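So you can see what is in the structure, the chains are spelled out below.
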Amino acid sequence: MMKKIYFIYLVFGVILSTMPACSDYLDLEPKNKLPGDVVLSDPNGVKAFIANLYYQAPIEDFVYFPREGFNARGNTGALALSQYGIEAIHSEWPNWNEYRNDWWDKGYKLNRSLNLLLESIPTLSISQKEKDELMAEAHFLRAYTYFALAKRYGGVPIIKTVQEYDTNFESLRVARSTEKETWDFVLEECDNAIRNLPENWESGDISKRRATKWTAYALKSRAALHAASIAKYWNRAPLSGDAVSKNLIGLAASDANAYYQACIEASAAIMNANRFTLHKPTPANPQEAAANYQAMFMDPNQASSEVIFLKGYSNAGGHIAHDYDGWNNPNQTSEGFPHRGRTNPVLELVDLYENYNTPGQPAPIITTTNGTVGANGGFNASTSYRKFNSVEEIFANKDARFFASIIYPNATWKGVSIVIQGGIVKPDGSVIESRDSYTHQGVTYYTYGKESSNQYSGFDGSADMTRTGFLMRKFLNEGSRINTWLQSTTDFIDFRLAEVLLNYAEAAVESGYSQNNVQANAAKAINDLRRRAGHTTDIPLTLQNVMRERTVELAFENKNFWDLIRRREFHTQFNNKLKTALVPMLDLRGATPQYIFVRKNVPGSNPTTFPEKDYYRHIPGVSGNGVIQNPQH
Amino acid sequence: METVSFKIHSINTMLTIKKTNCKMMKPLKIHLSILVCLFSLSSCELSEIDNYDAPNATISGGVYDVETKELVQQDIIRGGQIEYVEQGYNNPQNQYMVLKNDGTYQNKLMFANTYTMQLVRGNFVPLEKQEVVVKGDTKLDFQVQPYIRVKNANIVKQDNKIIATFNIQQTVSNEVSRIGLFAHEEVNVGDPLHVVATRQDINVATSESTLYTLEIDLAAHQGSLKPGSAYYFRVGGLINASEAKYNYAPAVRITL
């Protein structure tokens, strides 16, 4: 036996020793893959290639999570960008703020593919017009790629040609351009796209899913506003170090107005194209406005007059679907998906929505009879709270977009009344805030509104329950049932007219630019948006009005986070910051049970302070790529 | 080649197990022991990679006001730092030491070497870089000109309020952008770490004779400042200068 084994060793050894010899015996062309030059020499191959590049584009949608990166599916935890800013908080991980930082790698990979494409298109045997359009699409995607790099890293290496790999590493190392050169490159690439992109592709549907001239204008509007804001507000959070002294990060205040003007001009091109209007711009009443607004995000294809560009989803169960509904449905409408209720809107956002009877003012939720919003310390027996017979009364008169974006206590969702209650005040003034019941005048009341946990949706501290008193409605499909993973196929609107109007208005009010009637047009833009939301009283163009309108109109569309970054407000908003919850409590002190509302720091959350260095991100791999690192990273 | 021979062993071990069952336990043991030897050989090599010496030096000291010779109070979160680079390496990365609240610092895990150090992003007029030789227990104090000296600070509890009075002496001509009174359970209380704060934007070049007063109304903050508990209170002012941080008077502990 042993001899036999040694013999086997010997045989293996002999066989192996012959293996490493150089032979091309195994150098087969795989039958299931196409070599690169075949793809890029065939017009249909190029189209397939471009479709894949759109998939890779840095669109921050339902599958973008800051701690997972782009196109993240599976058990992401649904830690969304809205929870990192001032719009929401996470029900399970209220203190999580990890950052994946994947766009450096993904961005330069996409950039290389785009450069390959740009060098291949001229060799195709197609008409010059088709070539120009394909080139323009590549320029659009390259603008998007560098926009996503610039807003994270500041000035970055600009690589416009396909680098040849060889052993001379130095030739592959490209130094960072200044932040100004990088933003100017983004805008220049938008212009290259605008010049040759068609106004329409062959169908209306394709025109929303493939870049058109208008998409490139919209990207330019967004990027120019970002650059302008950094230039104007750099001094709110100045940094120092090598990268700053070499202008790799930072823009001069004197550059601001040129960028604001670029934003105004790009936005105006869309506004004056006679092609886009707000979806259902003149609703008869706030209820109709709320229904229209909710429907637009449930199915953006209904709103083609407003949508400029969207990222499509399909094939439930496959890898082009997402899990937005599963993660965010209220606990009570659990349909088999293992997680629920993750994104919890915070009171800071709810407070911003106007009341119809006080136009032009934020309308904070008033919890006390003396008309103040009340302290954040939780229930206080000596405070005189406003009392309500039904819990949703406190939200009466709020902007329609509040009702269309957020599920609040006693809201109806999928035909179910959503129960959100955080405690009971006993007749003697003591409170119950943990799981319990209390019988008063023959009726038994439960801390969280109902007895068993599948009958309510808030505050018991488990991951499926809201911590803030609010849940998501925007983007959720009220008609779907979600019993497993990857069942959501709702499309995501990446650019829509509303954002363009708000970019225009902000650029106008920040720069004071007054030619071409810009100031009056900007006032009209925000009032058109408010009219669409059911408001009938116009308000003046002020920075506060524009920013409030922007925050509520674009809530949860992953814009607010970047607003805080580009306007350098993150470190002042998040200075020892605790986000706020609104806790409805059943008050048994009166003749009949009534509801009171208590403002409270979100249970389980810790104060957050944003470090100024995080206005720019850590650049990965500086020891290899040789570029200068951002300050303090 | 080593990994290749390892594969052969493991394949044969599997074969052996299948074929032999109980009868051939001895050869199986031999083969297993060959495997174990191979594993342990490779792990010996691995352990040799981490053969660097442990840190063998320390550095400590404080940031002192060049005029009053007192320690300059700091913030821990987002506060001043010592930025340092170890010399003798290509493309070295910046490293950082955080100043403690009282203005002292300490790093017990240094390697003896020459470093370039600079105090950065603090509440004082910026200093130049300096070369520092760290060896054994090194002491290094920094003499700085704080932007602001908070003078005659007096924090008391009176009529269910915390009342702070103080003067501001500024050492540069910039405006003082804001002043603040901060409360927290920890002695590290300050602008980035507080449960309650009263801040006031002033945006003026201050005069040393002006008496500033800031208050916290305890009745309005019963949830966060609980009667009967002790809290630290600290007053400070922020100069309008690039990356400047608050200058503070020392924290005061008061039982409410």
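What counts, and at which threshold
Just so you know, the residues in each chain are numbered from 1, in the order the chain's sequence is written. Throughout, the order in which chains and ligands are written sets their labels, letters from A for the former and numbers from 1 for the latter. With pLDDT at 70 or above as the cut-off, local features in this predicted model cover only qualifying residues; side-chain atom pairs require 80 or more to be listed or tallied, and sums for whole chains, interfaces and linings still use all residues. Side-chain numbers here rest on the full set of heavy atoms in the structure, without hydrogens or water. Under the scheme used here, helices are H or I runs from DSSP no shorter than 4 residues and strands are E runs no shorter than 2 residues, and both carry numbers assigned from the N terminus. This radius of gyration counts C-alpha atoms alone. The globule rule is 2.2 Å times how many residues there are, raised to the power 0.38. For each residue, the accessible area found with a 1.4 Å probe, counting protein chains only, is set against the maximum for its type, and the residue is called buried under 20%, exposed over 50%, and partly exposed in between. Contact definition: two residues touch when any of their heavy atoms are within 4.5 Å. Values of accessible area rely on a 1.4 Å probe in the Shrake-Rupley scheme; residue burial ignores everything except the protein chains shown. Residues scored as charged are limited to Lys and Arg (positive) and Asp and Glu (negative), so that His and the chain ends carry no count. By convention, charge coordinates are those of NZ in Lys, CZ in Arg, CG in Asp, or CD in Glu. To define a nonpolar core, start from buried Ala, Val, Leu, Ile, Met, Phe, Trp, Tyr and Cys residues and group those joined through side-chain atoms within 4.5 Å. Method remark: on a 1 Å grid restricted to protein atoms, a set of points is classed as a cavity if a 1.4 Å probe fits but cannot get out and as a pocket if it is open with protein on both sides within 12 Å along at least five of seven lines; lining residues have an atom within 4 Å of a point. Grid points are joined across faces, edges and corners, and a volume is the space filled by probe spheres set on the points. All residues other than Ala, Val, Leu, Ile, Met, Phe, Trp, Tyr, Cys, Pro, Asp, Glu, Lys and Arg, Gly among them, are scored as polar; the first ten of these are nonpolar and the last four charged. Here the bounds of each domain stem from an automatic or database domain assignment. In the sections that follow, a salt bridge refers to a side-chain nitrogen of Lys or Arg positioned within 4 Å of a carboxyl oxygen of Asp or Glu. pLDDT expresses, on a scale from 0 to 100, how confident the predictor is about each individual residue. At least two bridges found by DSSP between two strands are what make those strands a pair. Axis definition: a line fitted to C-alpha atoms, over the contacting stretch in the case of helices. Angles run 0 to 180 degrees between N-to-C directions. Residues qualify for a patch when their relative accessible area is over 30% and they have no salt bridge, like charges being joined within 9 Å and the nonpolar side chains of Val, Leu, Ile, Met, Phe, Trp and Tyr within 5 Å.

K.L.:
Got a minute to help me understand the overall build of chain A in this structure?
P.N.:
Looking only at helices and strands, one finds 21 helices and 14 strands in chain A. Relative to the 2.2 N^0.38 estimate, which gives 26 Å for 633 residues, the radius of gyration of chain A is 28 Å and therefore close to what a compact globule would have. Taken along the three principal axes of its C-alpha coordinates, chain A extends 90 × 90 × 50 Å. Put simply, chain A has 633 residues, and 57% of those count as buried. Pairs at least 24 apart in sequence give 73% of the contacts found in chain A among residues at least 6 apart. Carbon together with sulfur atoms contributes 51% to the accessible area of chain A, which is approximately 25200 Å² in total. Averaged over its 65 positive side-chain charges, chain A has a centre that lies 2 Å from the centre of its 67 negative ones.

K.L.:
What's the story with the environment of Ile526(A) in this structure? I'm lost.
P.N.:
Residues and elements named next belong to chain A. With respect to the secondary-structure elements, Ile526 resides in helix H17 (residues 518-532). Taking the relative accessible area as the measure of exposure, Ile526 reaches 0% and is therefore buried. Distance in space between the C-alpha atoms of Ile526 and Ala505 is 7.1 Å, their sequence separation being 21 residues. Those residues in contact with Ile526 that lie beyond four places of it in its chain are Leu502, Ala505, Ile539, Pro540, Leu541, Asn545, Val546 and Glu549.

K.L.:
Could you clarify how one ought to interpret the nonpolar core in this entry?
P.N.:
The nonpolar side chains of a soluble globular protein tend to be buried with one another. Within the largest apolar cluster, 176 residues are counted, with the highest numbers of intra-cluster contacts made by Phe140(A), Trp183(A) and Phe470(A). Residues in contact with Phe470(A), not counting those within four places in the same chain, are Thr343(A), Asn344(A), Pro345(A), Leu347(A), Val350(A), Phe395(A), Phe402(A), Ile406(A), Ile407(A), Tyr408(A), Pro409(A) and Leu582(A). In this structure, Ile168(B), Val196(B), Leu225(B) and Ile254(B) belong to the second largest nonpolar core, which totals 32 residues.

K.L.:
Looking at this structure, I do not really get the layout of surface pockets. What am I missing?
P.N.:
If you roll a probe as big as a water molecule over the atoms, it shows you where there is empty space left. Considering only enclosed or pocket space, the second largest pocket measures out at about 790 Å³ in volume. Ser240(A), Gly241(A), Asp242(A), Glu83(B) and Asn94(B) are, among the 35 residues lining the second largest pocket, the residues nearest its centre. Elements supplying a minimum of two residues to the lining of the second largest pocket: helix H10 (242-245) of chain A together with strand S2 (81-86) and strand S5 (113-120) of chain B. In terms of residue count, the dominant contributor to the lining of the second largest pocket is S5(B) (five residues). Across the lining of the second largest pocket, the residue classes tally to 17 nonpolar, 13 polar and five charged. Counting contributing residues per domain, the lining of the second largest pocket is built from domain 2 (57-144) and domain 3 (148-255) of chain B, each supplying no fewer than three.

K.L.:
Got a minute to help me understand the pattern of salt bridges in this structure?
P.N.:
Proximity of charged atoms lets side chains of opposite charge pair with each other. Residues and elements named next belong to chain A. Tallying each qualifying case throughout the model produces 58 salt bridges over all chains. With a shortest N-O distance of 2.7 Å, Arg496 and Glu557 are connected by a salt bridge. With Arg496 in strand S12 (residues 492-496) and Glu557 in the loop between helix H18 (543-553) and helix H19 (560-566), this pair connects stretches of sequence that are 61 residues apart. One exposure class covers both Arg496 and Glu557, and it is buried. Overlapping salt bridges bring together Lys232, Arg236, Glu506, Glu510, Arg550, Asp563, Arg566, Arg567 and Glu569 as one network.

K.L.:
In this structure, what is going on with unusual backbone geometry? I would like to understand it.
P.N.:
Unusually for a residue other than glycine, Asn247(A) sits at a positive phi of about 65°. Inspection of the secondary structure puts Asn247(A) in the loop between H10 and helix H11 (256-271). Residues other than glycine seldom take positive phi values, yet Asp159(B) does so here, at roughly 55°. When you line up the elements, Asp159(B) lands in the loop between strand S9 (148-158) and strand S10 (161-170). Relative accessible area serves as the criterion here: at 67%, Asp159(B) is assigned to the exposed category.

K.L.:
Is there a simple way to explain the confidence of the model for chain B in this structure?
P.N.:
Where the model shows low pLDDT, its predicted coordinates should not be examined in detail. Residues and elements named next belong to chain B. Looking at chain B, pLDDT values average 85 and 80% of them are 70 or higher. Of all secondary-structure elements in chain B, the lowest mean pLDDT belongs to helix H1 (residues 2-20), at 40, while strand S1 (residues 57-65) reaches the highest, 97. Ignoring residues within four places in sequence, the model shows residues 1-24, a span with pLDDT below 50, making 22 contacts including any to other chains.

K.L.:
Can you help me understand the pairing of strand S11 (residues 176-184) of chain B in this one?
P.N.:
Note on strand geometry: in a regular strand, side chains alternate between the two faces of the sheet. All names here are of chain B. Counting buried positions along S11 gives eight out of nine residues, so the element sits mostly inside the fold. Alignment of S11 against strand S14 (residues 230-239), held across eight bridges, turns out to be antiparallel. Its bridge partner lying in S14, Arg178 is registered against Leu238.

K.L.:
Honestly, the sheet that holds strand S13 (residues 212-217) of chain B in this entry has me stumped. Any pointers?
P.N.:
Adjacent strands of a sheet pair through backbone hydrogen bonds, lying either parallel or antiparallel. Residue and element names in this part refer to chain B. Taken together, three strands build an open sheet; the order of strands is S9-S10-S13 and the sheet is antiparallel. Each end of this open sheet is capped by a strand with a single partner; those strands are S9 and S13. On average, each strand axis in the sheet is inclined to that of its neighbour by 20°, with strand direction left out of account. The pairing of S9 with S10 spans nine bridges and is classified as antiparallel. Bridge pairing in S10 places Gln158 opposite Lys161.

K.L.:
Help me out: how do you make sense of a nonpolar patch on the surface in this one?
P.N.:
A cluster of nonpolar residues, Ile76(B), Ile77(B) and Val98(B), forms a patch on the protein surface that exposes about 210 Å² of accessible area. With respect to the element layout, Ile77(B) can be found in the loop between S1 and S2.

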